[in-house]
Amino acid sequence: MHYFIGNLGHFFVILAFISSLAAFFSYFKATGKENITKKESWLLNGKISFYVHALAVLGISISLFVILANHYFEYHYAYSYSDKKLPTHYLISTFWNGQEGSFLLWMFWQAVLGIILIHTNKFWQAPVMTIFALVQAFLASMILGIVLPVIDFKIGSSPFILLRESMADAPIFKMQPDFIPKDGNGLNPLLQNYWMVIHPPTLFLGFATTLIPFSFCMAGLWLKKYRDWVRPALPWALFSGAILGLGILMGGYWAYETLNFGGYWNWDPVENAVYVPWLILVASIHTMITYKNSETALKASIILVTATFVLILYSTFLTRSGVLGDASVHSFTDLGLSGQLLVYLFVFLLGAVVLSAWRWKEIPSSEKEASAYSREFWIFIGATTLCLMGFQVLLPTSIPVWNKIVSLFGGSSNMAPPADQIGFYSKFQLWFAIAIGLLSAVGQFFWWKKIDKAELKKELQPPALIALLVFALIITIGQVTEPAYILLTFASVFTIVANSKILFSVFKNSPGLSGGAVAHIGMGMMLLGILFSSGYSKVVSINNTGLLYSRDAGEEFNRDNLLLFLHEPRTMAGYEIEYINQKLELRNGNGFINQYDVQLTADPDKVIAIKDKDGFKAKDTIEVYGENTYYQIEFRKDGNTYTLYPRAQINPDMGGILSSPDIHRTLKADFYTYTSSIMKPDEEKEWSDMEELRTSINKEFFANDYVSTVAAVTRVTEVPGTILTAEDVAVKATITVKGSREEYTVEPYFLIRDKLVGRISAEIPQLGILFTLVNIHPETNEFTIGINTRQKDWVVIKSLEKPLINVLWMGTLVLMAGFSIAMVRRFREFRLMKEKGLE
């Protein structure tokens, strides 16, 4: 039992909690002091306390990773989320697989950001770090894992709890308290993807960065610096928008590559819980920019910046309290932290609301009425649209919360989230997207001053005409007929063309001002990619065989899925498609090995080579990822051939078969294929009655329609799996079969022992043939061969074409580039003001 590392980790948790409280108190005192000496003293105390806190967070992280890396399965966290076979990069991702680890990741990023803020902004250090330290204290309490005496109240859930403490009633620990499992449960197979190594850290960095604009906002209200907080907050808000947006998009790409619902966004409550704060954050960025340029929308900026951080806390409550229950496949189970999460949420919600209300009358606001021909007016309309987009998603997502609230007050509410989530949310979000596209196009032409009708018409006419031409071409070629889709196509094209004109005119003189135009071009590309890849996604695996695969599966399954037998080509939407092989992924090194060329063992992750092939010799032991089977599917069209390897895993704990797609990518469309049904390895094979025929050496005969030959019959002294005595007689037949792609060899045995005959049959699984050497006829030099046949190995696949989906992915890169250009500009602006002593 490795007690020391767990005790050390728990010590660091307590130290992180206490030091964050000390930093909070010191910075709070420093904020209220006017005496320079005392202020500096409290600032030093706060800085030291926060550094101790950051080191403690690092200590927690190292301690937890030591437990995971060394497979200390006496700890509940290591046992629950890792095993000995995970490669290093997936072992790293187990760090944040549980609630405790993800809270720790969040703390880690905020500790790093806090140190950066301490060294980059002296004036705002005390009030901003007061907020930072308080948030860190709340996060540290989530992994504290202590029980308060007398009242028996648990605070947090520790990642350093022993397995025997979490499973105290398990009989094994009553009989053997020091029992340590030999291996862990392992990482969820759907999370064994390279995106899961980088997506959560990116997303939690996005979560952490939303605290910075919020802290500056609260500090501005606290110090009555109502105008001054926007300048240092804006570059961080842009950074937050870029990172949080990138994290969301990474999650979408992971879903597209790993899950098999055929898309990248499923409007799952957990997805919605992150999407809504990002929309509000983007709205706040626009109102902050408006204030920087025209001193309007300051109050709107305060509301939106506050709402962004509060919604991040609300999303944390939704995903970690267990309140979503069966409404989401992504939510965490309740660890008893829902009460703490509510306290965390309401402390900052009420604190921000009270402080804002207290200062509200003092906050300066513009008295002049915004003209309909001013950019601030259109930005306000755009920000309002973004907020309405978020509100439309937030309300249905919060239905489980509403039901809980009603039940707490003794009532009963049976409201259910939308059954068809994709259809429900999409029909509303589509119209909001049209509005955003049009506003992004038109609003850019107003710049930061009023513009008259004549000048507006002059500016809009060229991009509008170009957009109409491109739009007409796209809807004609793409056969877009739905009215809403037609409008979205125009809005997307218009915003791309209009912002391209702005980009061209700005880039010549002031490239640093091009961030907004670049970001809006990216958004237009994303809208166009989403429209075609989702709205015009086409199922191409249409069942034209007339076969009914399953009466229980329903009409849609039987219509949209294709049954493939091994080495039997089918025609599908102009493609010739053939199921070639089953593959196992090599654990050490890249590539696959044919499943038919190896023999399975008791260890599912170890197989034995049957013959010399693929760099392995017969009887070599090969390490593989035994839980996964890859189905080699070959597609041929117009002289081109490409191969896909969709993955399937039989996992009873997760509902049977887990399928992951493989994707053939082209500029025009993605060809997206996954397995929807497979032959189970333990499924009993139904063999036909044996057919017997007499043949001789090198004489051809047919077995299941394949040309076969007995190449040799020899006496042997060794038989696999049997020990021979001197009196035993063993004969081996070597039979070759010409398959459609290769020649197979199989070796059945004929044994005589104590005047009794025994036979060992041999199967060619690829062809579904079982050969038996039934008898030997020495007088005629002939042999009786027994042939049993079965249905050949099969797989059912579903294939879709996702047109222009790469326009979506390219749009995300362009959007991130726009955020980056704007962010660099604002950071430079802030640095210049700081050098002048104005920050």
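The shown structure was predicted, so the numbers you read here are calculated from the model rather than taken from an experiment. (Residues numbered from 1 in each chain as written. Predicted model: local features only at pLDDT ≥ 70, side-chain atom pairs only at ≥ 80, totals over all residues. Heavy atoms only, no water.)

### Some details on the overall build of the protein
Looking only at helices and strands, one finds 22 helices and 27 strands in the protein. Taken along its principal axes, the extent of the C-alpha atoms in the protein is 115 × 75 × 55 Å. Each of the 839 residues in the protein was classed as buried or not, and the buried ones make up 53%. Surface accessibility of the protein: about 38,800 Å² in total, with carbon and sulfur atoms responsible for 60%. Taking the average place of the 69 positive charges on the side chains of the protein and the average place of its 71 negative ones, the gap between the two points comes to 13 Å. (Helix = DSSP H or I, 4+ residues; strand = E, 2+ residues; numbered from the N terminus. Buried < 20%, exposed > 50% of the residue type's maximum accessible area, 1.4 Å probe, protein only. Areas by Shrake-Rupley, 256 points an atom, 1.4 Å probe, with all protein chains shown as cover. Lys, Arg positive; Asp, Glu negative; His and termini not counted. Charge placed at Lys NZ, Arg CZ, Asp CG, Glu CD.)

### Topic: the sheet that holds strand 26 (residues 782-789)
Reading across the sheet, the four strands line up as 17-26-25-24 and stay open at both edges, with antiparallel pairing between neighbours. This sheet does not close on itself; its edge strands, each paired only once, are strand 17 (691-696) and strand 24 (762-764). Strand-to-strand twist of the sheet, defined as the mean angle between neighbouring strand axes without regard to direction, takes the value 30°. With three bridges joining them, strand 24 and strand 25 (residues 769-777) adopt antiparallel strand pairing. Its bridge partner being in strand 25, Glu763 is matched across the sheet by Leu770. (Pairing = 2+ DSSP bridges. Axes fitted to C-alpha atoms, helices over the stretch in contact; angles between N-to-C directions.)

### Let's talk about the domain arrangement of the protein
As assigned here, the protein comprises domain 1 (1-187), domain 2 (555-657 + 670-683 + 796-801) and domain 3 (691-790). Distance between the C-alpha centres of domain 2 and domain 3: 29 Å. In this complex, domain 2 contributes nine residues to the contact, which on the side of domain 3 involves seven residues. For the pairing of domain 2 and domain 3, the buried interface totals around 670 Å² over both sides, and the portion due to carbon and sulfur atoms is 44%. Taken as a group, Leu566, His567 and Tyr596 account for 64% of the area that domain 2 buries against domain 3, more than any other trio of residues on that side. Where domain 2 meets domain 3, there are two salt bridges. Two residues, Glu578 and Arg741, come together in a salt bridge whose shortest N-O distance is 3.3 Å. Linking domain 2 with domain 3 are two residue pairs in polar contact (both at pLDDT 80 or more). At the level of secondary structure, the elements contributing two or more residues to the side of domain 2 that touches domain 3 comprise strand 6 (575-585) and strand 11 (629-637). When grouped by side-chain class, the residues that make up the side of domain 2 that touches domain 3 number four nonpolar, one polar and four charged. (Domains from an automatic or database assignment. Contact = heavy atoms within 4.5 Å. Buried area = accessible area lost by both parts, 1.4 Å probe. Salt bridge = Lys/Arg side-chain N within 4 Å of Asp/Glu carboxyl O. Polar contact = N/O pair within 3.5 Å; in protein donor to acceptor, adjacent residues only side chain to side chain. Nonpolar A, V, L, I, M, F, W, Y, C, P; charged D, E, K, R; others polar.)

### Topic: the environment of Gly186
By the secondary structure assignment, Gly186 is in the loop between helix 8 (171-175) and helix 9 (195-209). Each C-alpha atom of the pair Gly186 and Ala78 lies 8.7 Å from the other, and the pair is 108 residues apart in sequence. Gly186 has contacts with Tyr79, Ser80, Tyr81, Ser82 and Asp83, leaving out every residue within four places of it along the chain.

### What about the packing of aromatic side chains?
A complete count under the given rule lists 49 aromatic pairs for this structure. For the pair Tyr344 and Phe348, a centre-to-centre distance of 5.8 Å together with 75° between the ring planes defines the contact as edge-to-face. One end of the pair, Tyr344, and the other, Phe348, are both in helix 14 (residues 338-359), four residues apart, so they sit about a helical turn from each other. In this structure Tyr344 comes out as buried when scored by relative accessible area, which is 1%. The buried category is assigned to Phe348, whose relative accessible area is 6%. Plain terms: the ring middles of Phe532 and Tyr536 are 5.7 Å apart, the flat faces sit at 35° to each other, and that makes the pair tilted. Pairwise contacts between aromatic rings join Tyr194, Trp195, Tyr253, Tyr256, Tyr264, Tyr672, Tyr674 and Trp809 into one cluster. If you follow Arg320 out to its NZ or CZ, it ends over the ring of Phe103, 4.7 Å from the centre. Lys637 extends its terminal NZ or CZ atom over the ring of Tyr575, reaching a point 4.5 Å from the ring centre. (Phe/Tyr/Trp six-rings, centres within 6.5 Å; stacked < 30°, edge-to-face > 60°. Lys NZ or Arg CZ within 6 Å of the ring centre and 35° of its normal.)

### Things to note about the pairing of strand 21 (residues 743-746)
Because side chains alternate across strand 21, one face comprises the buried residues Tyr744 and Val746, and the other comprises Glu743 and Thr745, none of which is buried. Bridging between strand 20 (residues 729-738) and strand 21 involves four bridges; their strand directions are antiparallel. Looking at strand 21, one finds that Thr736 is bridged to Thr745. Taking the residues between adjacent antiparallel strands as the criterion, strand 20 and strand 21 are bridged by four residues.

### What about the pattern of salt bridges?
In this structure the tally under the stated criterion is 24 salt bridges. Across the pair Lys85 and Asp603 runs a salt bridge, and its minimum N-O distance is 3.3 Å. Placement of the pair is Lys85 in the loop between helix 3 (76-81) and helix 4 (88-93) and Asp603 in the loop between strand 8 (598-600) and strand 9 (606-609), with a sequence separation of 518 residues. Look at Lys85 and you get partly exposed, because its relative accessible area is 32%.

### Focus on the packing of helix 5 (residues 99-120) against helix 9
In the contact formed by helix 5 and helix 9, the axes pass within 9 Å of each other and the chain directions differ by 55°. Between helix 5 and helix 9, the angle falls in the class oblique. The crossing of helix 5 and helix 9 is right-handed. Along its contact with helix 5, which presents Ser102, Leu105, Trp106, Trp109, Gln110 and Leu113, the element helix 9 presents Pro200, Pro201, Phe204, Leu205, Phe207, Ala208 and Thr209. For the contact of helix 5 with helix 9, the class distribution of residues is ten nonpolar, three polar and no charged. (Parallel < 35°, antiparallel > 145°, perpendicular 65-115°, else oblique. Left-handed = near helix turned anticlockwise from the far one by under 90°.)

### Some thoughts on the pairing of strand 27 (residues 794-803)
Most of strand 27 is tucked away: nine of the ten residues are buried. Examined bridge by bridge, strand 3 (residues 538-539) and strand 27 share two bridges and lie antiparallel to one another. Note that in strand 27 the partner of Val539 across the bridge is Leu800. Examined bridge by bridge, strand 4 (residues 562-565) and strand 27 share four bridges and lie antiparallel to one another.

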